[in-house]
Amino acid sequence: MEIIVAESAGFCYGVNRAVSICKAAAEKYQNCVTLGPIIHNEFVVRDLESNGIRVASDISEIPENSTVIISSHGAGRETYETLTALNVEVIDATCPDVKKIHEIVHSESSEKRLIIIIGHRHHPEVEAITGWCENYLVFETPEELSEWLNIKENAKLCLSFVFQTTNAESVYAKCCKLIKKVCTNHKIFDTICNATLKRQHEAAEISKIADMVIVAGDSNSANSLKLADISRQYCKKVLFIQSADDIDTAIVRPADVIGITAGASTPAFIIKEVTRKMKEETITEETEVEQEVKQALIDEDDSMDSMDTESFEEMLEKSIKTLRTGEKVTGIVTSITATEVSVDLGTKQSGYIPIAEFIDDENANIDDIIKVGDTIESFVMRVNDVEGMVMLSKKRLDAIKNWDIVEEAKENKTIVEGLVVEENKGGIVVNVKGVRVFVPASQTGLPKSSPMTELLKKTVKLRITEVNQSRRRVVGSIRLVQNDERREKSDQVWNDIEVGKKYEGIVKSMTTYGVFVDIGGVDGMIHISELSWTRIKQPSEVMSVGDEVSVYVLSFDKESRKISLGYKKSEDNPWTRFTSHYAVGDVINVKIVKMMPFGAFAEICPGVDGLIHISQITDRRIGLPSEVLNDGQMVDVKITEIENERKKVSLSIRALIEPTSQPDGEAESGEDASDDKTPVIVYDTDSPPPPEEPDDVDEPAAEKATADEPAEEPEAAETAEEPEEEPEESAKD
């Protein structure tokens, strides 16, 4: 057996620095606390605890008069401010490479740029980086980033990209290629540390020539898990361990070349123990193999000889008598008690299975599950030859079978179902046929702001993405199943889509210019102008995220995969409601909503305004509508004209005022006529137009106002406009 140990395996500079800071602090201060594990390795954390340095998972757990050590993963700006307010001694052990990222995102945020972090969402390093950003998004994979950048509006934003220091080089390369292809205003900062890159390169080279690769590291260490992933790309057998005790020598023996590497947080003594154990195995391997071969030949000869002298029944009895722990056996149920199920194995020993193995629900009835006389397969847990008892387990055997099912599901990428039984910090646990499957938070399919507790006790569909029997670890993804289902629904929508077709959808997101609605695997957009017949400033005035809405297709483009949706209903059209209730000649009560030099606009009903021209406000001449009317005033008017094509309405107050006749004495009074520069005008709608006034009469004030100040366009979509020509006003001298 040849053993190859990576040169860069073990502590990096940042980790070594953090551990040294802790040990120095332990000698100088009495009450030392690290905010979170100083590094991701339980052996190091335990060693520091023995030196008096405790771990506080939250600031609230820090006792008074303590010395707080910031872990190598760093902390957010708010954490530093809170610790300062607590008046405790703070020692910063943040890795210099991580500290550099804090400075980058803080500087980029001050320029109002959106920070994009590529890394594990719930990793302490990433959470610390977010604490130095104004606006940020976190993506774990290039695929997640690609999905977000497929929205053109996102690709046009001012974006600054940073990467978790322990990220894989392949992830960085894929992201850079994607960013440069679609983004128009971006900055990329290569923040993966050099030690990480070197360690990943060495792992790749070793795994190309090794029959088996052993990766030593903590299960929470992101960079250690990355090394295992990289090794699996080139080597079929990769063993992830936390210490030498986790190595099963039986698995290692067939390998001729073994590669050993370790994460940045793995202590040197663990690497030495692993290497020493492999060297010891090399010395004894040849002797043991030879002995096993010889014994196998002897057993084979004995077996052949016994075939001639022993009957089948005798051989069966002999095999049963030599039951061993871990074997699978078949028996018949002989009795059922309140505590156990007795099984006849065909031997002198009696087998039993604890009743708890059959009942998961306290309300379940054992008689409905198993009966006397049933044949049952089970797993030998313990053999007691003295008492003649064999402890069996049905669940253990089912678990072994189910592991095979889970592994097969991973290989074939089939969908499995399971019950969500637990929530933890990083995701949820799903019970799939007795196998615990971990689903990371990013793969639950829930929005980032949604609590994972809403999935508890629910049956979900998922895909198995990782199976590691040696570590009893299975990882799954609900999101992949949802993506597949969404893709199928999307294809169905695009095959059947047509203008005018109606859909029931769910509001997914909102912008200032409209609303995105999921109509079954495809998102369509309702422009803000299509949300309401009345003018609105924000889509939130009409809808909220999560609302179920009925929409119809206005237009679509299969090439660009865009759909424009409508929401307004024709029966809600304000103009339709107006024309169905009112006609020319009707007298109605309206509200003055806007004053203009040429008249006043009045609201007839929500969404429809009418114009009261200045000449139709009163039976005398006025300079401005505000001389008679006020904003918000309620007045009675008569509808004088309705233009359906232009959706315009003309109103009149003057038509409701009884016409008055001018006294003869005033007309004959030369003094009144010469002194009054603004003669009173009396209109009579039933009489012919008044005669033209002499050239020396002043131009009416109303016409001057109209000429000096051009008429403004009304704001509302369905409002009356100023008449094209004002009626000429004149008066006799």
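Because the structure is a prediction, the values reported are computed rather than measured. (Residues numbered from 1 in each chain as written. Predicted model: local features only at pLDDT ≥ 70, side-chain atom pairs only at ≥ 80, totals over all residues. Heavy atoms only, no water.)

## Points about the overall build of the protein chain
Stated formally: Numbering of helices and strands starts at the N terminus; helices are DSSP runs of H or I of at least 4 residues and strands are runs of E of at least 2. Think of it in three bands: residues with accessible area under 20% of the maximum for their type are buried, residues over 50% are exposed, and the middle band is partly exposed, with areas taken using a 1.4 Å probe on protein chains only.
The secondary structure content of the protein chain amounts to 19 helices and 32 strands. The buried share of the protein chain, reckoned over its 733 residues, is 42%.

## Description of the environment of Thr534
Here Thr534 lies in the loop between β25 (523-527) and β26 (548-557). Residue class for Thr534 comes out partly exposed when judged on its relative accessible area of 36%. Along the backbone, Thr534 and Asn573 are 39 residues apart, and their C-alpha atoms lie at a distance of 9.2 Å.

## Some thoughts on helix α4 (residues 96-110)
Applicable threshold: By this rule the span expected of a helix is its residue count minus one, scaled by 1.5 Å. For this quantity, the arc is that covered by the directions from the helix axis to the C-beta atoms.
In this model α4 runs 21 Å from its N-terminal to its C-terminal C-alpha over 15 residues, within 8% of the 21 Å that 1.5 Å per residue would give. For α4, every residue scored as buried is listed here: Val98, Ile101, His102, Ile104, Val105, Glu108 and Ser109. Mapping the buried residues of α4 onto a view down its axis gives an arc of 165 degrees, with all of them on the same face. Pointing more than 90 degrees away from the buried face of α4 are the exposed residues Glu103 and Ser110. Where α4 terminates, the next one or two residues include Lys112, which has phi positive at roughly 65 degrees.

## Structural notes on the nonpolar core
So the rule is basically this: In plain words, nonpolar cores are sets of buried Ala, Val, Leu, Ile, Met, Phe, Trp, Tyr and Cys residues tied together by side-chain atoms within 4.5 Å.
If you look at the biggest cluster of nonpolar residues, it comprises 29 residues, and the most contacted ones within it are Ile214, Val215, Ile241, Ile247, Ile258, Val274 and Met278. Tallying contributions element by element places strand β10 (residues 212-216) first for this core, with 5 residues.

## Topic: a negative patch on the surface
Counted only if it meets this: Nonpolar side chains (Val, Leu, Ile, Met, Phe, Trp, Tyr) are joined into patches within 5 Å and like charges within 9 Å, using only residues with over 30% relative accessible area and no salt bridge. Areas reported here follow the Shrake-Rupley algorithm with a probe of radius 1.4 Å; residue values treat only the protein chains shown as occluding. The working definition used for a salt bridge is a side-chain nitrogen of Lys or Arg within 4 Å of a carboxyl oxygen of Asp or Glu. His is not counted here, nor are the chain ends, while Lys and Arg score as positive and Asp and Glu score as negative. Charge coordinates come from a single atom per side chain, which is NZ of Lys, CZ of Arg, CG of Asp or CD of Glu.
A cluster of acidic residues, Asp404, Glu407, Glu408 and Glu411, forms a negative patch on the protein surface. Relative to the helices and strands, Asp404 is located in helix α14 (residues 394-412).

## Concerning the packing of helix α6 (residues 142-149) against helix α8 (residues 169-182)
Selection rule: An axis is simply a line fitted to the C-alpha atoms; with a helix, the fit covers only the stretch in contact. Between two such axes, the angle follows the N-to-C directions and lies from 0 to 180 degrees. Under this scheme an angle from 65 to 115 degrees is roughly perpendicular, one under 35 degrees roughly parallel, and one over 145 degrees roughly antiparallel; angles in between are oblique. Crossing handedness: left-handed means the near helix sits turned counterclockwise from the far one by under a right angle, and right-handed means the same turn made clockwise. When checking whether two residues touch, look at their non-hydrogen atoms; a contact exists if any pair is within 4.5 Å. As a working rule, the residues Ala, Val, Leu, Ile, Met, Phe, Trp, Tyr, Cys and Pro are called nonpolar, Asp, Glu, Lys and Arg charged, and the rest polar, with Gly in that last group.
The interhelical angle for the contact between α6 and α8, taken along N-to-C directions, is 10 degrees, at an axis separation of 9 Å. Taken together, α6 and α8 sit at an angle that is classed as roughly parallel. In this structure, α6 crosses over α8, and the sense of that crossing is right-handed. Along the contact surface, α6 presents Pro142, Leu145, Ser146 and Leu149, while α8 presents Val171, Lys174, Cys175, Leu178, Ile179 and Val182. The residue makeup of the contact of α6 with α8, split by class, is 8 nonpolar, 1 polar and 1 charged.

## With respect to the sheet that holds strand β29 (residues 599-605)
Rules: Two strands are said to pair when DSSP picks up at least two bridges between them.
Spatially, 5 strands are ordered β28-β29-β30-β32-β31 in a closed barrel, and the strand pairing comes out mixed. With strand direction ignored, the average angle separating the axes of adjacent strands in the sheet is 50 degrees. With 5 bridges connecting them, strand β28 (residues 587-596) and strand β31 (residues 634-643) associate as antiparallel partners. By the bridge assignment, Ile588 is partnered in β31 with Val637. In the packing of helix α16 (residues 574-581) onto the sheet, the strands contacted are β29, β30 (608-613), β31 and β32 (648-652), and the crossing angle to β31 comes to about 95 degrees.

## So, the sheet that holds strand β6 (residues 114-118)
Taken in spatial order, the 4 strands make up an open sheet running β7-β6-β8-β9, and their pairing is parallel. Of all strands in the sheet, those with a lone pairing partner are β7 (136-139) and β9 (186-188), marking the two edges. Within this sheet the neighbouring strands show an average axis-to-axis angle of 20 degrees, counted without direction. As judged from the 5 bridges shared by β6 and strand β8 (residues 159-163), these two strands associate in the parallel manner. Paired with Ile117 across the bridge in β8 is Val162. Strands in contact with α6 are β6, β7 and β8; relative to β7, the strand with the most contacts, it is inclined by about 135 degrees. Along the sheet, α8 contacts β6, β8 and β9; its crossing angle with β9, the most-contacted strand, is approximately 160 degrees.

## Describing the pattern of salt bridges
Enumeration over the complete set of coordinates arrives at 19 salt bridges. Taking the shortest distance from any N to any O, the salt bridge between Lys99 and Asp92 comes out at 2.8 Å. Residue Lys99 is classed as partly exposed on the basis of its relative accessible area of 28%. Between Asp523 and Arg486 there is a salt bridge, and its shortest N-O distance comes to 3.0 Å. With Asp523 in strand β25 and Arg486 in helix α15 (residues 478-496), the pair connects residues that are 37 residues apart, well separated along the chain. Arg486 gets classed as partly exposed once you look at its relative accessible area, which sits at 30%. Here the residues in one salt-bridge network are Arg121, Glu140, Glu144, Glu147 and Arg479, joined through shared partners.

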